[in-house]
Amino acid sequence: MKNKREIITGTAAFGLTSIAALALYSKNKPLSTVQYVELDKYLGKWYEIAAFPQRFERGCSHTTAEYTLNNDGSIAVTNTCVKDGKIKVAKGKATVTDTHTNAKLAVQFRWPFTGKYWIIGLAHDYSYALVGHPNRKYLWILGRKPDMDTQTYNYLVTLAVNKGFDARELVKTEQG
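Residues numbered from 1 in each chain as written. Predicted model: local features only at pLDDT ≥ 70, side-chain atom pairs only at ≥ 80, totals over all residues. Heavy atoms only, no water.

### Thoughts on the layout of surface pockets
The criterion, for reference: Throughout, the protein atoms alone are placed on a 1 Å grid, and a set of points is a cavity if a 1.4 Å probe fits but cannot get out or a pocket if it is open with protein on both sides within 12 Å along at least five of seven lines; lining residues have an atom within 4 Å of a point. Grid points are joined across faces, edges and corners, and a volume is the space filled by probe spheres set on the points. Note on conventions: DSSP H or I runs of at least 4 residues are helices, E runs of at least 2 residues are strands, and numbering of each starts at the N terminus. Three residue categories are used. Nonpolar comprises Ala, Val, Leu, Ile, Met, Phe, Trp, Tyr, Cys and Pro, charged comprises Asp, Glu, Lys and Arg, and polar comprises the others, including Gly.
Taken as a whole, the largest pocket encloses approximately 1,100 Å³ of empty space. In terms of lining, the largest pocket is formed by 32 residues, of which the most central are Phe56, Glu57, Asn79, Phe109 and Trp140. Of all elements in the fold, only β1 (44-51), β2 (60-69), β3 (75-83), β4 (86-96), β5 (104-110), β6 (113-122) and β8 (139-143) reach the threshold of two or more residues within the lining of the largest pocket. For the lining of the largest pocket, the per-class residue count stands at 17 nonpolar, 8 polar and 7 charged. Each pocket or cavity is described by its volume, and for the second largest pocket that value is around 230 Å³. At the level of secondary structure, the elements contributing two or more residues to the lining of the second largest pocket comprise β1, β2 and β9 (171-172). If you tally residues by element for the lining of the second largest pocket, the top one is β2, at 3 residues.

### Section: the pairing of β5
Threshold: Strands qualify as paired when DSSP identifies two bridges or more between them.
With 4 bridges connecting them, β4 and β5 associate as antiparallel partners. Bridging from a neighbouring strand, threonine 95 pairs with alanine 106 of β5. Hairpin connection of β5 to β6: 2 residues between the antiparallel strands.

### Description of the state of the cysteines
Disulfides are covalent bonds that link the sulfur atoms of two cysteine residues. Defined as follows: When two cysteine sulfur atoms lie within 2.5 Å, the pair is treated as a disulfide.
By the definition in use, this model includes 1 disulfide. Note on cysteine connectivity: cysteine 60 is disulfide-linked to cysteine 81, with sulfurs 2.1 Å apart. Note that cysteine 60 is positioned in strand β2 and cysteine 81 in strand β3, a separation of 21 residues in sequence.

### Digging into the nonpolar core
Note the following rule: Buried Ala, Val, Leu, Ile, Met, Phe, Trp, Tyr and Cys residues form a nonpolar core when they are joined through side-chain atoms within 4.5 Å. Burial classes follow relative accessibility: with a 1.4 Å probe on protein chains only, a residue under 20% of its type's maximum area counts as buried, one over 50% as exposed, and anything between as partly exposed. Two residues qualify as a contact provided that any one of their heavy atoms is within 4.5 Å of a heavy atom in the partner residue.
Counting 22 residues, the largest nonpolar core has Val37, Tyr42, Tyr67, Tyr117, Ile119, Leu122 and Leu142 as its most contacted members. Going through the elements one at a time, α2 (39-42), β1, β2, β3, β5, β6, β7 (128-132) and β8 are the ones with two or more residues in this core. A total of 3 residues in this core trace back to one element, the largest contributor, which is β6. In this view, tyrosine 67 contacts Tyr42, Leu43, Gly44, Trp46, Ile75, Ala76, Val77, Tyr117 and Leu142; residues no more than four positions away in its chain are not counted. Residues Leu31, Ala50, Phe52 and Val157 belong to the second largest nonpolar core, which totals 20 residues.

Geometric values such as these leave the question of function open.
As structure tokens, this is what we get:
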């Protein structure tokens, strides 16, 4: 007869193995986006709540992204952050690459380089968004306010994990 400690240890090990297998399985599946994005509702200012650290954002706090519609139908992107006490601004342009869903965009800050910007989670009222790249090396949790309640944040982290992202890489953004 196994003692209680052996049963608990075995159950915990099985659970961790199952979670690791699920994450690996999810990472190897194609990344799914939300079904549809109403671009007019998505436009406006977003606060970065958390993200995978990227070279171009190193040392930034108070990070925001603002999206406005250009006359040609593309989207103007203005990313702002505070770095070394100074406001830094990066301007780019996004184009929808999947007009069936409007959830897949290509973003360009420097020609000829573009990045994939896929909306993989979105509140029905457009109060939060989860954005990632199909290679799963880029992930952002965005909100319309500079802070996010714990329940919503945890939901988005769980959603990211279920889509194959390693949530251990997420770093919360200081909004102050």
